[in-house]
Amino acid sequence: MGKAVAFPTETVYGLGALASDDAAVMRIFAAKGRPADNPLIVHFADGQAGLEACAEGGQVPSTARRLAEAFWPGPLSICIRANKETVSERARAGLDTVAVRVPDHPIALKLLRALGKYVGVAAPSANASGRPSPTQAEHVLCDLGDRIEGVVDGGKTCSVGLESTVIDCTVDPPVILRPGKISREEIQAVLGLPVMDYQHSAEVTTEEAVKERPKAPGMKYRHYAPRAGVTVVEGSAALFVQSVLAKLEEADEADSHGRAWLGVMAPQDILEELRRSGGEKLRQCVLAACGDSVSDQSSIARDLFAVLRSFDEMPDVTDILAHGTEAKGLGKAIRNRLDKAALRSDLDPNKS
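Since the structure is predicted, the reported quantities are computational estimates derived from the model, not experimental observations.

Right, let's talk about the overall build of the protein for a bit. Each helix and strand counted, the protein has 12 helices and 14 strands in total. A globule of 352 residues ought to have a C-alpha radius of gyration of about 20 Å, and the protein, at 20 Å, matches this closely. Seen through its C-alpha atoms, the protein measures out along the principal axes to roughly 65 × 45 × 40 Å. Here the analysis covers contacts within the protein between residues at least 6 apart in sequence; of these, 70% occur between residues at least 24 apart.

What follows deals with the domain arrangement of the protein. One can read the domain layout of the protein as domain 1 (5–197) and domain 2 (229–347). If you average the C-alpha positions of domain 1 and of domain 2, the two centres end up 30 Å apart. Contact residues are listed per partner, giving 22 residues for domain 1 and 14 residues for domain 2. A buried area of about 1,500 Å², summed over both sides, lies between domain 1 and domain 2, and 55% of it is on carbon and sulfur atoms. The largest share of the area that domain 1 buries against domain 2 comes from Pro132, Leu162 and Pro179, three residues that together contribute 38% of it. Counting the contacts that link domain 1 with domain 2 gives four salt bridges. Here Glu163 makes a salt bridge to Arg337, at a shortest N to O gap of 3.0 Å.

This chain's UniProt record puts "binding site: L-threonine" (unreviewed entry) on Thr11, His43, Arg101, Ala123 and Ser164. Of the residues just listed, which span 154 residues, no C-alpha pair is farther apart than 12.6 Å, and they cluster in one region. For Thr11, the location among the structural elements is in the loop between strand 1 (5–7) and strand 2 (14–18). A distance of 3.2 Å separates polar atoms of two side chains, one belonging to Thr11 and the other to Arg101. Inspection of the secondary structure assignment puts His43 in strand 3 (residues 41–43).

Here the protein shows a mean pLDDT of 91. Residues at 70 or above account for 91%. Taken together, the stretch residues 201–209 has pLDDT below 50 and engages in four contacts with residues farther than four places along the chain or on a different chain. Of the regions scoring below 50 in pLDDT, residues 344–352 engages in 23 contacts with residues more than four places distant in sequence or in other chains.

Glancing now at the UniProt feature "binding site: ATP" (unreviewed entry) in the protein. When the UniProt feature table is mapped onto this chain, "binding site: ATP" (unreviewed entry) is found at Arg34, Asn38, Thr97, Ser125, Ser133, Arg178 and Tyr224. For the annotated residues, spread through 191 residues, the largest C-alpha to C-alpha distance comes to 24.6 Å, inconsistent with a single compact locus. On the secondary structure map, Ser125 appears in the loop between strand 6 (121–122) and helix 6 (137–144). Beyond its immediate stretch of four places on either side in the chain, Ser125 contacts Val12, Tyr13, Gly14, Leu15, Lys32, Ser133 and Pro134. Along the chain, Arg178 falls in strand 9 (residues 175–178). With residues near it in sequence (within four places) discarded, Arg178 still touches Ile41, Glu163, Ser164, Thr165, Val166, Pro217, Gly218, Tyr224 and Arg337. For Arg178, the side chain forms a polar contact with the main-chain oxygen of Ser164, separated by 2.9 Å.

What follows concerns the packing of helix 11 (residues 297–310) against helix 12 (residues 330–341). Where helix 11 meets helix 12, the closest approach of the two axes is 9 Å, and the angle between their N-to-C directions is 20 degrees. Taken together, the axis directions place helix 11 and helix 12 in an arrangement best described as roughly parallel. Where helix 11 crosses over helix 12, the handedness of that crossing is left-handed. On the side of helix 11, the interface is formed by Gln297, Ser298, Ile300, Ala301, Leu304, Phe305 and Leu308, while helix 12 contributes Leu330, Gly331, Ile334, Arg337, Leu338 and Ala341. Its residues placed into classes, the contact of helix 11 with helix 12 shows nine nonpolar, three polar and one charged.

Ordered by their spatial adjacency, four strands build an open sheet running 11-14-12-13, and the pairing between neighbours is parallel. Each end of this open sheet is capped by a strand with a single partner; those strands are strand 11 (229–233) and strand 13 (285–289). Neighbour to neighbour, the strand axes of the sheet diverge by 20 degrees on average, direction disregarded. The pairing of strand 11 with strand 14 (residues 319–323) spans five bridges and is classified as parallel. Note on strand 14: the bridge partner recorded for Gly229 is Asp319. Those strands touched by helix 12 are strand 11, strand 12 (262–266) and strand 14, and its axis lies near 140 degrees from that of strand 11.

Reading guide: rules and limits
Residues numbered from 1 in each chain as written. Predicted model: local features only at pLDDT ≥ 70, side-chain atom pairs only at ≥ 80, totals over all residues. Heavy atoms only, no water. Helix = DSSP H or I, 4+ residues; strand = E, 2+ residues; numbered from the N terminus. Rg over C-alpha atoms; globule rule 2.2 N^0.38 Å. Contact = heavy atoms within 4.5 Å. Domains from an automatic or database assignment. Buried area = accessible area lost by both parts, 1.4 Å probe. Salt bridge = Lys/Arg side-chain N within 4 Å of Asp/Glu carboxyl O. UniProt positions renumbered as here; feature names shortened; annotations may be inferred. Polar contact = N/O pair within 3.5 Å; in protein donor to acceptor, adjacent residues only side chain to side chain. pLDDT = per-residue confidence, 0-100. Axes fitted to C-alpha atoms, helices over the stretch in contact; angles between N-to-C directions. Parallel < 35°, antiparallel > 145°, perpendicular 65-115°, else oblique. Left-handed = near helix turned anticlockwise from the far one by under 90°. Nonpolar A, V, L, I, M, F, W, Y, C, P; charged D, E, K, R; others polar. Pairing = 2+ DSSP bridges.

In structure tokens:
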């Protein structure tokens, strides 16, 4: 009791503790340096048992049941009204709702089954708060090695590479609170109902937004950011290449001392085009392939956090240019993470 251990899932590594144990949940928040108003997702081995255990009065919305049947095990977290006796108030961040999911990973499921189908494990990503999420055990150790009780090393088995889609089934129509691999279109096809993307009201002031309690992780605070500044470049491969070369021209005028100060992350096919065009100027760059090709969003998602983290091992890299994946399908989740890393969220309380 009162312990926190990291383990792999198909999305990212999670930092797990018993969802009903206040002391264990507090260990998660302390280890991560996580804001107390940022709720945790509760993981179960059995979807229907988990929903019933967590649901207020055992009443599970029909939309939640249908989505669980269609997508679990898998990278979808379903937000329902919470049974406050089952889920620690700390895990819920004081909310009357809780997000539940069943991970699609053999190690995670083995751990959860050993606890019993009605026992939930609260497990946010196993990184220091605000940092890129971990997709390898060494990422966890880098951030939290001396702050937690252990890491179950699953190798490089986080096949999705981005955190789960979170959908709020406490409202009508349901609302996607955080995009992930499972898209709005896929969810609508199952429900036969419209599903909305979450949008902050234009009437909400910055001060009110900072005070707002998020219903799900990834909605409010700075996330996924390496130490170097990130700029997302939208548009074609040709435009991205032009942007990199223009950035290098500006640096020449400011005297860059010849060091490799610019990190460039893009799919392999775009980097190949850059190499053909860049010549000697690229000596100032560190090129990192994020995905196999611009059309392969799954490989881009798989590589994203590891590439962001790789730049932290290069102290000379002060700026990062990232190719902005088209925000459709899985690309919407990729862009969400990149935009957060680039501090483009209007709700970032650290943003002046």
